[in-house]
Amino acid sequence: NAGVTQTPKFQVLKTGQSMTLQCAQDMNHEYMSWYRQDPGMGLRLIHYSVGAGITDQGEVPNGYNVSRSTTEDFPLRLLSAAPSQTSVYFCASSYRDSPGAKNIQYFGAGTRLSVL
Amino acid sequence: DAKTTQPPSMDCAEGRAANLPCNHSTISGNEYVYWYRQIHSQGPQYIIHGLKNNETNEMASLIITEDRKSSTLILPHATLRDTAVYYCIVRVGQGTYKYIFGTGTRLKVLA
């Protein structure tokens with residue numbers, strides 16, 4: 001059982017380049033989300049999805065796009081990378097909220113992105 | 001979502017209980033308290049959660065005050081592997097999926 005898989009693990013970009021961070025889960029979770037973590041800080045929510053075809057913005061959505069065409073995958077796109085987007089990115093997934101459910105989020109290992 | 005306040009750092013001797021406090025004085029009646037931890041720069045790991053009653057699992061215990069304005073995570077016998085950043089989070093039980101992570105408490109377990 002792979003859980004939440006993020007690729008790549010490391011990436012270096014030049015300012016203005018675009019790229020897609022991949023996230024896949026094999027637990028049939030409805031909910032998926034993307035966070036960024038800057039040095040010495042907690043995680044901040046970028047975007048999230050409650051199911052295929054449904055996405056919404058989190059705390060810090062600017063500069064990022066997402067889509068959810070399948071239950072398993074939730075890619076994060078940087079349209080024009082900026083040095084301020086240098087960070088560690090985490091993807092997470094969980095079951096849909098329901099009464100009594102634990103709603104535990106499972107996190108991937110992260111993608112470390114540097115924008116020069 | 002309610003905000004949480006945690007001390008930035010704590011030390012604990014190996015083998016002793018680690019008691020990590022969290023203040024959530026603006027918590028609403030339907031908001032749960034969750035605890036996660038992050039070891040080095042790995043993805044956060046779920047520990048425990050609760051609404052009103054104290055909870056215990058194989059990893060830890062969670063004590064929530066009667067007024068629900070604060071809680072304490074207890075690691076009964078801390079080991080060196082428990083050295084991590086611990087996050088206390090409150091969130092609505094249903095309908096919203098926004099976890100708001102603060103800066104957490106950096107726990108260092110000393111040999």
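Nothing here was measured: the structure is a model prediction, and the numbers come from that model.

> For this particular structure, what's the right way to read the state of the cysteines?
Each disulfide consists of one covalent bond between the sulfur atoms belonging to two cysteines. Residue and element names in this part refer to chain B. A full pass over the atoms with the stated rule returns two disulfides over all chains. Each sulfur of the disulfide joining C22 and C88 lies 2.1 Å from the other. On the S-S bond that ties C22 to C88, the torsion sits near -80°, and the link is left-handed. Of this pair, C22 sits in strand β2 (residues 18–23) while C88 sits in strand β8 (residues 84–92), placing them 66 residues apart in sequence. Assessed through its relative accessible area of 2%, C22 is described here as buried. The structure places no disulfide on C12, whose sulfur is separated from the nearest cysteine sulfur, that of C22, by 18 Å.

> So what exactly am I meant to see when it comes to the interface of chain A and chain B here?
The interface is formed by 26 residues belonging to chain A together with 22 residues belonging to chain B. In total, chain A and chain B occlude about 1,900 Å² of area from one another, counting both sides; carbon and sulfur atoms represent 55% of this. Along the contact surface separating chain A from chain B lie zero salt bridges. Of all the secondary-structure elements, those providing two or more residues to the side of chain A that touches chain B are β4 (31–37) and β5 (43–51) of chain A. Take the side of chain A that touches chain B: its biggest share by element is four residues, from β5(A). The residue makeup of the side of chain A that touches chain B, split by class, is 13 nonpolar, eight polar and five charged.

Quick notes on the rules
- Residues numbered from 1 in each chain as written.
- Chains lettered and ligands numbered in written order.
- Predicted model: local features only at pLDDT ≥ 70, side-chain atom pairs only at ≥ 80, totals over all residues.
- Heavy atoms only, no water.
- Disulfide = S-S within 2.5 Å.
- Helix = DSSP H or I, 4+ residues; strand = E, 2+ residues; numbered from the N terminus.
- Buried < 20%, exposed > 50% of the residue type's maximum accessible area, 1.4 Å probe, protein only.
- Contact = heavy atoms within 4.5 Å.
- Buried area = accessible area lost by both parts, 1.4 Å probe.
- Salt bridge = Lys/Arg side-chain N within 4 Å of Asp/Glu carboxyl O.
- Nonpolar A, V, L, I, M, F, W, Y, C, P; charged D, E, K, R; others polar.

It is worth stressing that arrangement in space is one thing and function is another; only the former is reported here.
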